[in-house]
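Summary of structural features
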Amino acid sequence: MRLRTDRAGVVLAVVIGLATTAAGAADDEFRVCADPNNLPFSNGAEAGFENKLAAMVADNLGKQISYTWWAQRRGFIRNTLKAGKCDVVMGVPSTYDLVETTNPYYRSSYVFVTRRDQHLDLASLIDPRLRQLTIGVHLIGDDGNNPPPAQALGQQGIVDNVRGYSIYGDYRQADPPARLIEAVANGEIDVAAAWGPLAGYFASLSKVPLTVTRIRDGERFPPQQFQFAISMGVRKGDHALRDQLNAFIDAHRSEITSLLRSYGVPLVELPVTASGGHE
């Protein structure tokens, strides 16, 4: 799940879809486009939490899932959803303007990941220890885009001790984003600053105990954003499908939350609107 917000200078990739009928699609099909190597979101074995959520929705609607697999890179939406290969993309930022978005079904944050035996207990981007520690961050996109933690560290002149790890990595290997978290576990770096769902999942699989702590002072570094609400995305104008998915999300929030927690996703409470819904 990786997604890009150009103004914030962050790419946060997000994939996987649910499906409904579109032109040429069978009425009983739930057409999904997903990255086959993008855990914890999706993979070819349908083991990601977005795969599991797609199955929940399909079952609720009485449909069968069919997948089109596509590596998530620049142009993913253009080559999948807009090309009619699927009907829903499962994880997009709620403000993503290339698609019609549903109500958000979770909100997460960038986090710090450290070895538990180091007892660093990092939570602040202005912690003076960050000037001495070796810090790893994901780089996203062919242009080496810097995510919000890297931007915030750079604003403070913390550059020489920051190491970049491509979120795409070597796609021939399983789970390329995991290399950053593995670098913490094996002592290659002292701390990783990473998107919460990725960090929480891979930290939970580590044989070396790791600590995941939400970055709590991102508001000090505007216009960078450190928390994102995540929605499902459908083609622009497909209000009927959007409304179906909204109804599912609103009726199954507790089950969705349990699913996300089982994958180690750090959750931030979604604001409640005046009408009782979620922003």
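To start, this report covers the structure provided alongside it.

About the cut-offs
- Residue numbers run consecutively from 1 along every chain, following the written order of its sequence.
- The predicted nature of this model means local features are confined to residues of pLDDT at least 70 and side-chain atom pairs, given and counted, to a pLDDT of 80 or more, with totals for whole chains, interfaces and linings taken over all residues.
- Side-chain figures throughout are based on the complete set of non-hydrogen atoms in the structure, without hydrogens or water.
- Secondary structure counts use DSSP, requiring at least four H or I residues in a row for a helix and at least two E residues in a row for a strand, with both numbered from the N terminus.
- Relative accessibility thresholds used throughout: buried, under 20% of the residue-type maximum; exposed, over 50%; partly exposed, between the two (1.4 Å probe, protein chains only).
- Here a residue-residue contact requires only that any non-hydrogen atoms of the pair lie within 4.5 Å.
- To measure how exposed things are, a 1.4 Å probe is used in the Shrake-Rupley method; for residues, cover is taken only from the protein chains shown.
- Along the arc lie the directions from the helix axis toward the C-beta atoms.
- Stacked, edge-to-face and tilted are the three classes for Phe, Tyr and Trp ring pairs, Trp counted by its six-membered ring, which pair at centre distances within 6.5 Å; planes under 30 degrees apart are stacked, over 60 edge-to-face, the rest tilted.
- Between N-to-C directions, angles span 0 to 180 degrees; the directions come from axes that are lines fitted to C-alpha atoms, helices contributing only their stretch in contact.
- In what follows, roughly perpendicular refers to angles from 65 to 115 degrees, roughly parallel to angles under 35, roughly antiparallel to angles over 145, and oblique to any angle outside these ranges.
- Charged means Asp, Glu, Lys or Arg here, nonpolar means Ala, Val, Leu, Ile, Met, Phe, Trp, Tyr, Cys or Pro, and polar covers whatever is left, Gly included.
- A pair is scored as a salt bridge if a Lys or Arg side-chain nitrogen falls within 4 Å of a carboxyl oxygen belonging to Asp or Glu.
- Pairing of N or O atoms within 3.5 Å defines a polar contact, subject to two protein rules: one partner must be a possible hydrogen donor and the other a possible acceptor, and residues neighboring in sequence count only if both atoms are side-chain atoms.
- Strand pairing is defined by DSSP finding a minimum of two bridges between the two strands.

Concerning the overall build of the chain
For the chain, the count of helices and strands is seven helices and 14 strands. The buried share of the chain, reckoned over its 279 residues, is 53%. Put simply, of all contacts in the chain between residues at least 6 apart along the chain, 73% involve residues at least 24 apart. Element-wise, carbon and sulfur atoms account for 46% of the exposed surface of the chain, whose accessible area totals about 12000 Å².

Focus: helix α7 (residues 253-262)
When α7 is considered as a whole, its buried residues turn out to be Arg253, Ile256, Leu259 and Leu260. Within α7, the buried residues cover an arc of 125 degrees as seen down the axis, which keeps them to one side. Facing away from the buried side of α7 by over 90 degrees, the exposed positions are Ser254, Arg261 and Ser262. On its buried face, α7 is in contact with α1 (49-61), β9 (106-115) and α6 (239-251). Looking one or two places after α7, you find glycine 264, whose phi comes out positive at around 80 degrees.

A look at helix α3 (residues 148-155)
Along α3, the residues classified as buried are Pro148, Pro149, Ala150, Ala152 and Leu153. Residue glycine 157 follows α3 closely and has a positive phi angle near 80 degrees.

As for the packing of aromatic side chains
Counted under the stated rule, the structure contains 10 aromatic pairs. Where phenylalanine 49 meets tyrosine 106, the ring centres are 6.1 Å apart and the plane angle is 85 degrees; that geometry is what we call edge-to-face. Taken together, the positions of phenylalanine 49 in helix α1 and tyrosine 106 in strand β9 put the pair 57 residues apart, joining distant regions of the chain. Every member of this aromatic cluster is reached through a ring pair, and the members are Phe41, Phe49, Tyr105, Tyr106, Tyr201, Phe202 and Tyr263.

Observations regarding the packing of α1 against α6
Contact geometry of α1 with α6 gives a least axis separation of 11 Å together with a crossing angle of 105 degrees. The angle between the axes of α1 and α6 places the two elements in the roughly perpendicular class. Within the contact between the two elements, α1 uses Leu53, Met56, Val57, Asn60 and Leu61 and α6 uses Gln244, Leu245 and Phe248. Of the residues in the contact of α1 with α6, the class split is six nonpolar, two polar and no charged.

Some points on the pattern of salt bridges
If you walk through the whole model with that rule in mind, you get 10 salt bridges. Ionic pairing is found between aspartate 117 and arginine 115, a salt bridge with its closest N-O pair at 2.8 Å. On the accessibility criterion, aspartate 117 (43% relative accessible area) is partly exposed. Note on arginine 115: relative accessible area 22%, which makes it partly exposed. Among the salt bridges present, the one from aspartate 243 reaches arginine 242, with a minimum N-O distance of 3.1 Å. When salt bridges that share partners are traced, they join Arg31, Asp87 and Arg235 into one network.

Comments concerning the side chain of serine 108
Its location among the elements puts serine 108 in strand β9. Among the polar contacts made by the side chain of serine 108, one reaches the main-chain carbonyl oxygen of proline 266 at a distance of 2.5 Å. When near neighbours in sequence (up to four residues on either side) are disregarded, serine 108 contacts Trp195, Gly196, Pro197, Phe226, Gln227, Phe228, Val265, Pro266 and Val268.

Things to note about the packing of α6 against α7
Two elements in contact, α6 and α7, have axes whose closest approach is 5 Å; the angle formed by their N-to-C orientations is 75 degrees. Here α6 is positioned roughly perpendicular relative to α7, judged by the angle of their axes. Contact residues: α6 offers Phe248, Ile249, Asp250 and Ala251, while α7 offers Arg253, Glu255 and Ile256. Each residue belonging to the contact of α6 with α7 can be placed in one class, and the counts come to four nonpolar, no polar and three charged.

With respect to the pairing of strand β10 (residues 135-139)
The buried fraction of β10 is high, at four of five residues. The sheet contact formed by β10 and strand β12 (residues 191-195) spans three bridges and is parallel. Its bridge partner being in β12, valine 137 is matched across the sheet by alanine 193.

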